[in-house]
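Chain residues, written in single-letter form:
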Amino acid sequence: FRRVLFRSNPFMSAYAFKCAMQRNAASSGNGVARIFRDNRGFARELYPLDPDATWPVITHDDEGRPMVLYKTRLASREYTFRADNALHIMSGSSNGIWGDDPVTVCAEALGLGLALQRHSATYFKNNASPKLVITADPGVRGFKDAEEVEEFRKNWQKVHGGAENQNKPAILQP
């Protein structure tokens, strides 16, 4: 294991490897490396994998216990390896197995914030709750049709809706 602390593989220094892993974790939510071991089971080489071409698979071992495998695609071939042969650095995760993409998380948070802002603006523009309910029987004393109901509602909102018209008295004529 000491060897990989200074040179993770024949092509990368330990520093370059750590930078690649951290960049992948920060940009995609996951930095994954394949661990190759010697005959005694010690880590011999570490190779960073493309997080967009690598994913976890939850399966069961021969005794029915759940286990995690990783699959990765390299040069049009798919490789599978056990989690104990992977080094996985993840950013925030919603399931504890695979990191969430920070860009997607931020986009969803911004979308939620904008939706909340629109909802709040509409909610408070309409004084947060109806203070009055008007009922009328159809016919002579009530509204003649749906258009008349809508016209009355629009006029009522224009005169009594919004923060600037709050607490103004309503005048209803018989």
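Just above, that's the structure.
These figures come from a predicted structure and were not determined experimentally. (Residues numbered from 1 in each chain as written. Predicted model: local features only at pLDDT ≥ 70, side-chain atom pairs only at ≥ 80, totals over all residues. Heavy atoms only, no water.)

S.K.: What is the right way to look at the sheet that holds strand S5 (residues 77–82) in this model?
M.R.: Strand-to-strand pairing in sheets goes through backbone hydrogen bonds, with the strands running parallel or antiparallel. Taken in spatial order, the 3 strands make up an open sheet running S3-S4-S5, and their pairing is antiparallel. Single-partner strands in this sheet number two, and they are strand S3 (54–60) and S5. Taking the axes of each pair of neighbouring strands and ignoring which way they run, one obtains an average angle of 30 degrees across the sheet. In the sheet, S3 pairs with strand S4 (residues 66–74) via 7 bridges, with the strands oriented antiparallel. When the sheet's bridge partners are listed, Ile-58 is paired in S4 with Val-68. (Pairing = 2+ DSSP bridges. Helix = DSSP H or I, 4+ residues; strand = E, 2+ residues; numbered from the N terminus. Axes fitted to C-alpha atoms, helices over the stretch in contact; angles between N-to-C directions.)

S.K.: Can you help me understand the pairing of S4 in this one?
M.R.: Looking along a regular strand, one sees side chains alternate from face to face of the sheet. From the end of S3 to the start of S4, which pair antiparallel, there are 5 residues, and Gly-64 there has a positive phi angle of about 85 degrees. By the bridge criterion, 6 bridges tie S4 to S5 in an arrangement that is antiparallel. Bridging across to S5, Lys-71 finds its partner in Thr-80. Connecting the antiparallel pair S4 and S5 is a turn made up of 2 residues, with Ala-75 showing a positive phi of about 50 degrees.

S.K.: Can you help me understand the sheet that holds strand S6 (residues 86–90) in this one?
M.R.: Taken in spatial order, the 3 strands line up as S2-S1-S6 in an open sheet, and their pairing is antiparallel. Of all the strands in the sheet, just strand S2 (43–49) and S6 have a single pairing partner and so form its edges. Between one strand axis and the next, the sheet turns through 25 degrees on average, direction left out of account. With 6 bridges joining them, strand S1 (residues 30–37) and S2 adopt antiparallel strand pairing. Bridge pairing in S2 places Arg-34 opposite Tyr-47.

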